[in-house]
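Spelled out from the first residue to the last, the chains are:
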Amino acid sequence: MPELPEVETIVRDLRPALVGRTFREVRLRHDDVLRGVKRAGLIRRLTGATVDEVSRRAKHVVLRLGRWRLVIQPGMTGSLFLVNGVRPSVETRYDVLTARLDDWRDFVYRDVRRLGSLLLLDESDWRAYDAAIGPEPLDPQFTPEAFRNALGRTRQVAKKALMDQRLLAGVGNIYANEALFAAGIDPSRPADDLSPEESVRLFDEVRRLLNAAIAANGTTFRDYRTATGQPGNFQLELLVYGREGEPCRRCGTRLAGTHALDARITVFCYRCQR
Ligand SMILES: [Zn+2]
């Protein structure tokens, strides 16, 4: 699923196009992506609403419309973009939500496998939602001490802890693998066993990687596209993710892969991450 850098890229593309625009007409093709809101309520509240703000929280796009927030979690196959004019039906086939704007463009959430979700939250639901998610790693207020405290709160292995959205927002499998390699930390180490130095190193690498990935418009492995339809470029800079069995770029050892830590692939170097 798109992680922090990919969603941040989408948000940066959407923001200038959406802020200040009004949803004239809203169409929802499938109800199965809705969480905690019904079709009629969603359409009623979105129609005529003006987009005040477009932001990101963790791996989700957040549109603030007056006192409501539309939270879009694009799943593995989800994309968000704006289009002008009529599209052929082959292109609209996987549209989930379409909002006609007052400048006659369409804001589209498309999702081939519909693994994503849509939430519509009022102020108090938003506060609860926001409070359940950990700190944003790129928040200037976020410190190595706060990161260390978060890791210290769990016995989970380091890789799972990095991906636990309650402890840290926005990091998923790709950037967790990369950060642990960059910091030279064995992904199977218990998170609360990391030394202060290791924890600072991991903190620095997480931030460096996320910033570098945003600068490259994210990582495209399969479906991810920016809101302007471009693939990301950070896949060219990945050192471990997707490279199981290939030589480590640092020491030449064959990179190992395992599904034993969580259900996802963990790729690492036995030598560099001892
Ligand atoms: Zn190595």
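Each remark here, short or long, concerns the structure printed above.
Note on numbering: residues in each chain are counted from 1, in written sequence order. Confidence filtering applies because this is a predicted model: local features only for residues at pLDDT of at least 70, side-chain atom pairs given and counted only at 80 or more, and all residues used for totals across whole chains, interfaces and linings. Note: side-chain values were computed over all heavy atoms of the structure, leaving out hydrogens and water.

A. Spatial organisation of the overall build of the protein. Working definition: helices are DSSP H or I runs of at least four residues, strands are E runs of at least two. Numbering for both runs from the N terminus. Across its full length, the protein holds 8 helices and 11 strands. If one aligns the C-alpha atoms of the protein with their principal axes, the spans along those axes are about 55 × 40 × 30 Å. In this description, contact between two residues means that some pair of their heavy atoms is separated by no more than 4.5 Å. Considering only residue pairs separated by 6 or more positions, the protein has 65% of its internal contacts joining residues 24 or more positions apart. Approximately 12600 Å² of the protein is accessible, and the part contributed by carbon and sulfur atoms is 48%. Taking the average location of the 44 positive side-chain charges in the protein and that of its 36 negative ones, the two points are 3 Å from each other. We get accessible surface area from the Shrake-Rupley algorithm with a probe of 1.4 Å; when it comes to residues, only the shown protein chains can shield them. Charged residues are defined here as Lys and Arg on the positive side and Asp and Glu on the negative side; His and the ends of the chain fall outside this count. For the purpose of locating charges, the reference atoms are NZ of Lys, CZ of Arg, CG of Asp and CD of Glu.

B. Examining the sheet that holds strand S8 (residues 105-111) more closely. On the basis of which strands lie adjacent, the open sheet formed by 4 strands has the order S1-S7-S8-S6 and antiparallel pairing. Unpaired on one side and paired on the other, strand S1 (23-28) and strand S6 (78-84) mark the two borders of the sheet. The average angle at which neighbouring strand axes cross in this sheet is 15 degrees, direction not considered. When DSSP finds two or more bridges between two strands, those strands count as paired. With 5 bridges joining them, strand S7 (residues 95-101) and S8 adopt antiparallel strand pairing. When the bridges of S8 are listed, Leu97 appears paired with Tyr109. Here helix H1 (residues 4-18) sits on the sheet in contact with S1, S6, S7 and S8, set at roughly 30 degrees to S6. Packing of helix H2 (residues 39-46) onto the sheet brings it into contact with S1 and S7, and relative to S1 it is tilted by some 165 degrees. All axes are obtained by fitting lines to C-alpha atoms, using only the stretch in contact for helices, and the reported angles, taken between N-to-C directions, cover 0 to 180 degrees.

C. Representation of the coordination of the zinc ion within the structure. Surrounding the zinc ion are the protein donor atoms Cys248 (SG), Cys251 (SG), Cys269 (SG) and Cys272 (SG), which sit 2.2 to 2.4 Å from the metal. Counted as donors are N, O and S atoms no farther than 2.8 Å from the metal, or 3.2 Å for Na, K and Ca; water is not among the atoms, and sites may therefore look incomplete. Each label reflects the angles at the metal, where four donors whose angles all fall between 85 and 135 degrees are tetrahedral, four or six donors whose opposite pairs open beyond 155 degrees and whose other angles stay between 65 and 115 are square planar or octahedral respectively, and the rest are irregular. Each of the 4 donor atoms around the zinc ion contributes to a set of angles spanning 100 to 115 degrees, which defines the coordination as tetrahedral. In primary sequence terms, the donor set of the zinc ion follows C-x2-C-x17-C-x2-C.

D. Examining the environment of Gly170 more closely. Note that Gly170 resides in the loop between helix H6 (158-163) and helix H7 (173-183). Each C-alpha atom of the pair Gly170 and Phe181 lies 18 Å from the other, and the pair is 11 residues apart in sequence.

E. Spatial organisation of the side chain of Ser199. By secondary structure assignment, the location of Ser199 is in helix H8 (residues 196-215). Exposure classes here rest on a 1.4 Å probe applied to the protein chains alone. A residue is buried below 20% of its type maximum, exposed above 50%, and partly exposed in between. Residue class for Ser199 comes out buried when judged on its relative accessible area of 2%. Residues contacting Ser199, with those up to four places away along its chain left out, are Pro144, Phe147 and Arg148.

F. Quick look at the nonpolar core. Here the nonpolar core consists of buried residues drawn from Ala, Val, Leu, Ile, Met, Phe, Trp, Tyr and Cys, with membership extended through side-chain atoms lying within 4.5 Å. Phe147, Leu162, Val171 and Leu202 are the most contacted members of the largest nonpolar core, which has 40 residues in total. Put simply, the parts of the chain that give this core at least two residues each are helix H5 (144-152), H6, H7 and H8. The element that contributes the greatest number of residues to this core is H7, accounting for 8 residues. Once residues lying within four places of it in the same chain are set aside, the contact partners of Val171 are Glu3, Lys59, Leu162, Met163, Gln165, Ala176, Val206 and Leu210. The next biggest cluster of nonpolar side chains, apart from the first, holds 35 residues, and it includes Val11, Phe23, Leu34 and Phe107.

G. Structural context of the packing of H7 against H8. Close contact between H7 and H8 brings their axes to 9 Å; oriented N to C, the two are set at 130 degrees. Judged on the interaxial angle alone, H8 and H7 are oblique. Between H7 and H8 the crossing geometry is right-handed. Listed contacts from H8 to Tyr175, Glu178, Ala179, Leu180, Ala182 and Ala183 of H7 are Arg201, Leu202, Glu205, Val206, Arg208, Leu209, Leu210 and Ala213. Class assignment for the residues of the contact of H7 with H8 results in 10 nonpolar, no polar and 4 charged. For this classification, under 35 degrees means roughly parallel, over 145 means roughly antiparallel, 65 to 115 means roughly perpendicular, and everything else is oblique. Each crossing gets its hand from how the near helix is turned against the far one by less than a right angle, where anticlockwise is left-handed and clockwise is right-handed. Amino acids are sorted into nonpolar (Ala, Val, Leu, Ile, Met, Phe, Trp, Tyr, Cys and Pro), charged (Asp, Glu, Lys and Arg) and polar (every other residue, Gly among them).

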